[in-house]
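# Overview (structure and organization)
Below are the chains, spelled out letter by letter.
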Amino acid sequence: MTQQQLAELMFPHIRQTPADIEAQFPPRQLPEEARVVRVAPSPTGYLHLGVFYTAMVNRLTADASKGIFYFRLEDTDKKREVEGGAADILTGMSRFGLKIDEGFVAADTVVGDYGPYQQSCRVDIYQTYVKDLVAQGLAYPCFCTAEARAQAREVQQAQKVRTGYYGEFAVCRQLTADQAAAKIQAGVPYTVRLRSPGNEQNRIKYSDVVKGTIEMPENDEDIVLLKSDGVPTYHFAHAIDDHLMHTTHVIRSDEWISSVPKHLQLFRILGFKAPKYAHLSPIMVEDNGNKRKLSKRKDPQAAMHYYAEQGYPADSVLEYLMTVANSDFEDWRRCNPTAPRSAFPFNLKKMSVSGALFDLQKLNDVSKNVIAGMTAEQVADAVIGWATEYAPDFAAKLTADKDFAVGLFAIDRGGNKPRKDMAKWNEAPDYAAYFFDDTFTGMGELPENITAEDAKAILTAYRSVYQPTEDKTAWFETVRNLCEPLGFSPDVKAYKKDPTGWKGHVGDVSTVIRLAITGRRNTPDLCSIMYLLGNDRVDKRLTEALNSL
Ligand code: GLU
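What counts, and where the lines are drawn
Residues numbered from 1 in each chain as written. Predicted model: local features only at pLDDT ≥ 70, side-chain atom pairs only at ≥ 80, totals over all residues. Heavy atoms only, no water. Helix = DSSP H or I, 4+ residues; strand = E, 2+ residues; numbered from the N terminus. Buried < 20%, exposed > 50% of the residue type's maximum accessible area, 1.4 Å probe, protein only. Salt bridge = Lys/Arg side-chain N within 4 Å of Asp/Glu carboxyl O. Core = buried A, V, L, I, M, F, W, Y, C linked by side-chain atoms within 4.5 Å. Contact = heavy atoms within 4.5 Å. Near = heavy atom within 4 Å. Polar contact = N/O pair within 3.5 Å; in protein donor to acceptor, adjacent residues only side chain to side chain. Areas by Shrake-Rupley, 256 points an atom, 1.4 Å probe, with all protein chains shown as cover. Nonpolar A, V, L, I, M, F, W, Y, C, P; charged D, E, K, R; others polar. Axes fitted to C-alpha atoms, helices over the stretch in contact; angles between N-to-C directions. Left-handed = near helix turned anticlockwise from the far one by under 90°. Parallel < 35°, antiparallel > 145°, perpendicular 65-115°, else oblique. Pairing = 2+ DSSP bridges.

## Topic: the environment of Asp178
Among the secondary structure elements, Asp178 is positioned in helix α7 (residues 177-185). Here Asp178 falls in the partly exposed class, since its relative accessible area comes to 46%. The spacing of Asp178 and Leu6 is 172 residues in sequence and 8.0 Å in space, taken between C-alpha atoms.

## As for the pattern of salt bridges
By the definition in use, this model includes 39 salt bridges. One salt bridge connects Glu81 with Lys78, and the closest N-O pair in it is separated by 3.1 Å. Taking relative accessible area as the criterion, Glu81 reaches 32% and is therefore assigned partly exposed. Note on Lys78: relative accessible area 49%, which makes it partly exposed. One salt bridge connects Lys503 with Asp454, and the closest N-O pair in it is separated by 2.9 Å. Of this pair, Lys503 sits in the loop between α20 (492-497) and β15 (504-505) while Asp454 sits in helix α18 (residues 452-465), placing them 49 residues apart in sequence. Salt bridges linked by common partners bring Arg38, Arg72, Glu74, Arg122, Asp241 and Asp242 together as one network.

## Things to note about the nonpolar core
With 107 residues, the main nonpolar core has Phe52, Met93, Phe236, Tyr307 and Leu321 as its most contacted residues. When residues in this core are grouped by element, the largest group, eight residues, is from helix α3 (residues 49-64). Once you skip the residues sitting within four places of it in the chain, Tyr307 turns out to touch Leu49, Phe96, Gln301, Tyr312, Val317, Phe358 and Leu363. The next biggest cluster of nonpolar side chains, apart from the first, holds 59 residues, and it includes Ala395, Phe404, Met443 and Tyr466.

## Examining the side chain of Arg333
Following the sequence through the fold, Arg333 ends up in helix α12 (residues 329-335). Look at Arg333 and you get buried, because its relative accessible area is 16%.

## Observations regarding the site of the ligand
Surveying the vicinity of the ligand reveals the residues Arg38, Ala40, Ser42, Glu74, Tyr234, Arg252 and Trp256. Within the side chain of Glu74, one N or O atom sits 2.7 Å away from a nitrogen atom of the ligand. Between the ligand and Trp256 there is a distance of 3.3 Å, counted from an oxygen atom to a side-chain nitrogen or oxygen. Relative to its unbound accessible area of 290 Å², the ligand is 82% covered by the protein chains. Looking at the shell around the ligand residue by residue, the class counts come to three nonpolar, one polar and three charged.

## Side note on the packing of helix α21 (residues 506-518) against helix α22 (residues 526-533)
Where α21 contacts α22, the two axes come as close as 11 Å, and the packing angle between them is 35°. Crossing geometry of α21 relative to α22 is assigned as left-handed. Here Ser510, Ile513, Arg514, Ile517 and Thr518 of α21 come into contact with α22, specifically with Leu526, Ile529, Met530 and Leu533. Split by residue class, the contact of α21 with α22 holds six nonpolar, two polar and one charged.

## Notes on the packing of α18 against helix α19 (residues 472-486)
At a minimum axis separation of 10 Å, α18 and α19 run at an interaxial angle of 135°. Put simply, α18 runs oblique to α19. Remark: the crossing between α18 and α19 carries right-handed chirality. Between α18, through Ala457, Ile458, Ala461, Tyr462 and Val465, and α19, the contact on the second element is made entirely by Trp475, Thr478, Val479, Leu482 and Leu486.

## Remarks on the sheet that holds strand β5 (residues 139-142)
Reading across from one edge, β5-β6-β9 is the order of the three strands in this open sheet, with antiparallel pairing throughout. In this open sheet, the two edge strands, each paired with only one partner strand, are β5 and β9 (224-226). Across the sheet, the mean angle separating the axes of adjacent strands is 45° when strand polarity is ignored. The strands touched by helix α5 (residues 123-135) are β5, β6 (191-194) and β9; relative to β9, the strand with the most contacts, the crossing angle is about 125°.

Put into structure tokens, the structure is as follows:
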């Protein structure tokens, strides 16, 4: 039996040739500098920060070269697949503002001429190439069972040699076409392996865009190309898909670095031009003074769901991850506070080789800035969007009177020194609590230097003069004018210099009013709060506060 006949026996249903397939995936008509990149997640869980980060870096690379960023679903491992995993990944990408140009652009939308973009739908394509490799004697069926492989590994360990299917340990490599055919005809299950031409003693060198020049031993393992169900391994599908889809740069996690010799060998044997590789270091966290990889199990912030639940705006997450990706982004941002992120000169070469540290505190700071730059309408809409999913009662309150909602988020917004007191939307219910009667907690506890008698006197005097106004200066003047007769200094500086004879100063007087109206010592501008609450509510709260003293 010839190799050709063996190939026919193994793949009788494959009628097309690699040349037929190549014709269906013609080169892309793009300018030379355009990079074609992709994110290729496996739907084996929910969207992980690491995958999102990798996708973002791919997106930036495409943008920086006016290239294409596509999404390919690597769903060949049906055992590890999680139901709804793919939809979750895609929804997460769009929720956090990562635009995809081609392939799966949303959970239910696929666009582009280089599909299918789902590996389980490309099995005939992979098999066409494997059939061709078998016909050329470059691949062969392997009948070793899992038990036989485990035993072989034990033998290798006992002999203190490298484990793996290579050289003399690659037993099925020795079978003749006739022997292999007989087993296939007898129905023995088999995988298909590459007949590796490599030699472990040889070194290969490649230049990684992120990590620099890397040298490794050549691959001599007869790696599995097709599993026993006829579905490809990651290695083989990577070579076929990234070739046919004309990926120029494979930007992926650095767990794949050790596989590069296998991949380069596959590209060479298949006669494909290899892409450039850029391997990204994982995002690290600090744990008891040590740096370790962000862990799905240990760190809630490893899941993108975390950011959705907490209510981080997409912009905050992206803005923060930019600082992780290129450490000079922060300086750039300081000089270009309102420029779109796409204007930043992102460069793969500026990425950290050892793994950048994830810092939640910094994310919060970045997010406070992002939120401070939003309009009140944007904040109200975003909070309502978040609350509809995670705090429906609060959402209902905000939507019941949208103008009021916008009004409350408008206080102290804009201007030169906007308040930066919210980092994520799950802080909004507390932030807004005293604006609503059912969550207003009543008169807050007085500072130590103010007696109940003084507080009563302050509130009584204030109630008699209160006029709703938007004019902060006029309002503050009113409060100042109350001070002297009540024994408080109208002038904070003078009081601090010489407090003799005073009970406190104008700041204390306004604190008492603030406590009565909001229940808190610290709030945004009180005059605006009262104006928004309206005369009736202000009066009611002052009365209730007086009654409580
Ligand atoms: N499916 C692979 C993974 O999830 C993709 C790696 C790659 O980008 O090539 O790790």
